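Spelled out from the first residue to the last, the chains are:
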Amino acid sequence: MLGRRQLREKVMQNIYAYNSLGTEGEERMVERNMMKSIDQIYDLYIYILNLIKVQKEIAEHRIQLAQSKNFPTQEDLNPNLKFVNNKIFRVLESNLELNRYTSDNKNLLWDVYDSYPNNIYKSLIESDLYKDYMKSGKNSFEEDQEFVLNFFVELIAEYDDLHDYLEGIQITWADDVHIANAMVHTTIKSFRENSSPLISLFKVYKDTDDKRFTEELFRKTIRHQSETKNMIDEKAQNWELDRIATIDLIILEMALTEFLHFPNIPAKVTINEYIELAKNYSTEKSRVFVNGILDKTLKELKDNNNLPKYGRGLL
């Protein structure tokens, strides 16, 4: 599932999109697109799980082709089946949610003839990771799990062409692949040898509160932009608003909106979350700048008793 930080990240990206449109009345359209893109992270998550699963199918297909040759070798006739018998594949193949959702959304399937998964498989069998695994002589769930996790990280999650490939399918996926990859990694890591076919996969939202938080943060940040920009202008000594980086300004607007209009979120949690966003999307100088503005504003709100009730109590 997406954490609150990742949901804030999606809101930030879409406020940037909203501000870039330069026209009034586009708020609802941008919000709809934002919520749709978040829902589509689940599709991407399923798509990547199926990309792992199809590696076994490619291996089995190649074994069958080798055995059907006119003059198969002994190795062709007696292949090493350690990879195709990897127990993680069994857990994935038996998972009812994965099978049901893929059956209803066949565009999330891969074929053994697709070039992209075949390129990954080719890189895999040429790797030391694969060669060491195939000759290890072990036969444990733990080894199978560790191998698939390492294989996923090294040859799928960090595959250079993955972002471009996914963007060609769904434009928002390139921005969200790091989220889906984290979900896939956690899913594989959570599997046990006796995992039931009924085990639930990850959901995008932890609960309805997280979905409501996302919608409200987007709406309230836009609704109160004039108010928060004035507050930033007052605190940013020697800095005019048009000299503040666009992303930094959005981060500050969102954080101040949380201070003022989300009383159930501790103010220090808000500061920590937005400093992390600044760290990931801006420079070290920006992070220091954001931290300074938020600390200064929080102190003033406390001194003037203007911090919402619950936020004030959770400092």
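Because the structure is a prediction, the values reported are computed rather than measured. (Residues numbered from 1 in each chain as written. Predicted model: local features only at pLDDT ≥ 70, side-chain atom pairs only at ≥ 80, totals over all residues. Heavy atoms only, no water.)

(A) A look at the nonpolar core. By size, the foremost hydrophobic cluster in this structure holds 96 residues, and its most contacted members are Phe83, Ile188, Phe259 and Leu294. Of the residues forming this core, the biggest block, 18 residues, is contributed by helix α2 (residues 27–67). Every residue in contact with Leu294, bar those within four places of it in the chain, is listed here: Leu252, Ala255, Leu256, Phe259, Ile271 and Tyr274. (Core = buried A, V, L, I, M, F, W, Y, C linked by side-chain atoms within 4.5 Å. Buried < 20%, exposed > 50% of the residue type's maximum accessible area, 1.4 Å probe, protein only. Helix = DSSP H or I, 4+ residues; strand = E, 2+ residues; numbered from the N terminus. Contact = heavy atoms within 4.5 Å.)

(B) View of empty space enclosed by the protein. Scanning the model with the defined rule gives 1 cavity of 30 Å³ or more in all. By volume, the largest cavity is sized at about 40 Å³. Surrounding the largest cavity, Asn50, Lys53, Val54, Glu57, Leu109 and Trp110 form its lining. Partitioning the lining of the largest cavity into residue classes produces 3 nonpolar, 1 polar and 2 charged. (1 Å grid on protein atoms, 1.4 Å probe; cavity = no way out; pocket = protein on both sides within 12 Å on 5 of 7 lines; lining within 4 Å. Points joined across faces, edges and corners; volume = space filled by probe spheres on them. Nonpolar A, V, L, I, M, F, W, Y, C, P; charged D, E, K, R; others polar.)

(C) Local environment of the pattern of salt bridges. Enumeration according to the criterion identifies 21 salt bridges in this entry. Glu97 is the partner of Lys203 in a salt bridge, and the nearest nitrogen-oxygen pair spans 3.1 Å. Pair noted here: Lys203 is in the loop between α10 (173–190) and α11 (208–223) and Glu97 is in helix α5 (residues 96–104), with a separation of 106 residues, a long-range link. Residue Asp303 pairs with Lys299 through a salt bridge whose shortest N-O separation is 3.0 Å. Of the two residues, Asp303 and Lys299 are both situated in helix α15 (residues 284–303); the distance of 4 residues between them amounts to about one turn of the helix. On the basis of relative accessible area, Lys299 is assigned to the exposed category, the value being 54%. (Salt bridge = Lys/Arg side-chain N within 4 Å of Asp/Glu carboxyl O.)

(D) Spatial organisation of the environment of Thr270. Note on placement: Thr270 falls in helix α14 (residues 267–281). Judged by relative accessible area, which is 0%, Thr270 ranks as buried. With 13 residues separating them along the chain, Thr270 and Thr257 place their C-alpha atoms 9.9 Å apart. A polar contact is formed between the side chain of Thr270 and the side chain of Glu258, at a distance of 2.8 Å. (Polar contact = N/O pair within 3.5 Å; in protein donor to acceptor, adjacent residues only side chain to side chain.)

(E) View of the layout of surface pockets. Estimates place the volume of the largest pocket at around 300 Å³. Lining the largest pocket are 14 residues, and of these Ile63, Glu75, Pro79, Asn80 and Tyr130 sit closest to its centre. Elements represented by at least two residues in the lining of the largest pocket include exactly α2, α3 (74–77) and α7 (128–134). At 4 residues, the largest contribution of residues to the lining of the largest pocket is made by α2.

(F) Looking closely at the packing of helix α1 (residues 4–21) against α2. Two elements in contact, α1 and α2, have axes whose closest approach is 10 Å; the angle formed by their N-to-C orientations is 145°. Both α1 and α2 take part in a crossing whose hand is right-handed. Only Glu27, Met29, Val30, Met34, Ser37 and Ile38 of α2 make contact with α1, whose side of the interface consists of Leu7, Lys10, Val11, Asn14, Tyr18 and Leu21. The residue makeup of the contact of α1 with α2, split by class, is 8 nonpolar, 2 polar and 2 charged. (Axes fitted to C-alpha atoms, helices over the stretch in contact; angles between N-to-C directions. Left-handed = near helix turned anticlockwise from the far one by under 90°.)

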